[in-house]
Amino acid sequence: MSKAAAEFADATLRNRWRTLLSLDDLVDGVVKELSEQGILDNTYIFFTSDSGYHLGQFNLPNGNRQLYEFDTHVPLYVRGPHIKPGTVSKVPVLTIDLAPTIVDLVNGTKPSSMDGRTFKGILQNESMVTFVSFLSLYSL
């Protein structure tokens, strides 16, 4: 890695940590406000991210378009009614499944035009059909 590339990577990582600290403060404030309003235990909170943007790992160009695990797996944390604290699932879900899941959690009806599948059953430890595989496609 050239000196300029290393300096860019270092500066980017420092800025990521700064952003993460401000996000931590934001989430803390939201949770405190929900608690003060007395609605925390009746509120679903979804916390997720994207796959990030790696900086030269494996001597590849900047980006996140490779099929390495850290490019295809993203964090997803959910808390709310009927979700047992500390529950961990290894069942893969996709970001397109977020909207149908939220609709299902509030007992709504998913529009036929909406892509994705609900994963409410995973959140509430019920059995459900899971994905066997999915396709990740990148195009310019």
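Since we're looking at a predicted model, the values are computed, not measured.

Structural notes on the overall build of the protein
- Check the secondary structure of the protein and you find four helices and two strands.
- Shown N-terminal to C-terminal, the secondary structure of the protein runs as helices and strands in the order α-β-α-β-α-α.
- A total of 140 residues make up the protein; the buried ones form 20% of that total.

Some points on helix 3 (residues 98-105)
- Along helix 3, the positions that sit buried rather than exposed are Leu98, Pro100, Thr101, Val103 and Leu105.
- Count one or two residues on from helix 3 and you reach Asn107, which has phi positive near 60°.

Let's talk about the side chain of Gln124
- With respect to the helices and strands, the residue Gln124 is situated in the segment after helix 4 (120-123).
- Its relative accessible area of 17% is what places Gln124 among the buried residues.

A closer look at a nonpolar patch on the surface
- A surface patch of nonpolar side chains, about 830 Å² in accessible area, is lined by Leu13, Trp17, Leu20, Leu23, Leu26, Val27, Val30, Phe47 and Tyr77.
- By the element assignment, Leu20 lies in helix 1 (residues 3-36).

Things to note about unusual backbone geometry
- For His82, which is not glycine, the phi torsion reads 70° and is therefore positive.
- With respect to the element layout, His82 can be found in the loop between strand 2 (76-79) and helix 3.
- A relative accessible area of 66% means that His82 is categorised as exposed.

Some thoughts on the nonpolar core
- One finds Val78, Ile83, Leu98, Leu105, Phe119, Ile122 and Leu123 forming the largest nonpolar core, which totals seven residues.
- Listing elements by their share of this core, those giving two or more residues are helix 3 and helix 4.
- If we ignore the near neighbours within four places in the chain, the residues touching Ile83 are Tyr44, Val78 and Leu123.

Some remarks on helix 1
- Helix length check: helix 1, at 34 residues, gives a terminal C-alpha distance of 50 Å against a target of 50 Å (1.5 Å per residue), a fit within 8%.
- By the burial criterion, the buried members of helix 1 are Ala9, Thr12 and Leu34.
- Contacts made by the buried residues of helix 1 are with strand 1 (45-48).
- Phi for Gly38, located one or two positions after helix 1, is positive at around 75°.

Here we look at the side chain of Thr101
- As for its position among the elements, Thr101 is in helix 3.
- Not counting the four nearest positions on each side in its chain, Thr101 is found in contact with Phe46, Arg117, Thr118, Phe119, Lys120 and Leu123.

Considering the pattern of salt bridges
- Under the counting rule described, the total for this entry stands at two salt bridges.
- Between Lys3 and Glu7 there is a salt bridge; the shortest N-O distance is 3.8 Å. Separated by four residues within a single helix, Lys3 and Glu7 lie in helix 1, roughly one turn from each other.
- For Lys3, a relative accessible area of 65% translates into the label exposed.
- When the shortest N-O distance is used, the salt bridge between Asp28 and Lys32 registers 3.1 Å. Taken together, the residues Asp28 and Lys32, both in helix 1 and four residues apart, mark about one turn of the helix.

Rules of the game
- Residues numbered from 1 in each chain as written.
- Predicted model: local features only at pLDDT ≥ 70, side-chain atom pairs only at ≥ 80, totals over all residues.
- Heavy atoms only, no water.
- Helix = DSSP H or I, 4+ residues; strand = E, 2+ residues; numbered from the N terminus.
- Buried < 20%, exposed > 50% of the residue type's maximum accessible area, 1.4 Å probe, protein only.
- Patch = residues over 30% accessible without salt bridge, like charges linked within 9 Å, V, L, I, M, F, W, Y side chains within 5 Å.
- Areas by Shrake-Rupley, 256 points an atom, 1.4 Å probe, with all protein chains shown as cover.
- Salt bridge = Lys/Arg side-chain N within 4 Å of Asp/Glu carboxyl O.
- Core = buried A, V, L, I, M, F, W, Y, C linked by side-chain atoms within 4.5 Å.
- Contact = heavy atoms within 4.5 Å.
- Expected span 1.5 Å × (residues − 1).

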